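# Architecture at a glance
As a plain string of letters, each chain reads:
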Amino acid sequence: MTTAPVVLLTVPEVMARLKYGRSKVYDLIRSKRLASIKEGSCRRIPESALQEYVRASLEEAA
């Protein structure tokens, strides 16, 4: 059984997808609302974490 590859997004890619500014994305990461990983100076956000953030935000708005 094969699993789908994990897609990692950069902060600018997340900014473009959400139409948010850089500081808003980092605020979401700091507040643990958006999961991310850091390797050295590189910050990456799994695409699944972005989808989960959007899902949770929609549930909060409902």
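Let us look at the structure shown here. These numbers come from a predicted model, not from an experiment. (Residues numbered from 1 in each chain as written. Predicted model: local features only at pLDDT ≥ 70, side-chain atom pairs only at ≥ 80, totals over all residues. Heavy atoms only, no water.)

## As for a nonpolar patch on the surface
Spelled out, the test is: Only residues whose relative accessible area exceeds 30% and that form no salt bridge are eligible for patches; like-charged ones are grouped when within 9 Å, while nonpolar side chains (Val, Leu, Ile, Met, Phe, Trp, Tyr) are grouped when within 5 Å. Residue-level accessible areas treat just the shown protein chains as cover; the underlying method is Shrake-Rupley with a 1.4 Å probe. Put simply, a salt bridge is a Lys or Arg side-chain nitrogen that is within 4 Å of an Asp or Glu carboxyl oxygen. Per the convention used, a helix needs a DSSP run of H or I reaching at least four residues, while a strand needs a run of E reaching at least two, with both numbered from the N terminus.
Nonpolar side chains collect at one region of the surface, where Val 6, Leu 8 and Ile 37 lie side by side and expose about 280 Å² of accessible area between them. With respect to the secondary-structure elements, Ile 37 resides in strand β2 (residues 37-39).

## Describing the pattern of salt bridges
For the coordinates displayed, the defined rule picks out five salt bridges. A salt bridge links Glu 52 to Arg 55, with the nearest nitrogen and oxygen atoms 2.3 Å apart. Highlighted residues: Glu 52 and Arg 55, both in helix α3 (residues 47-61), separated by three residues, approximately one helical turn. In this structure, the salt-bridge partner of Arg 55 is Glu 59, at a minimum N-O distance of 2.4 Å. Within this pair, Arg 55 and its partner Glu 59 are both found in helix α3, separated by four residues, close to a single helical turn.

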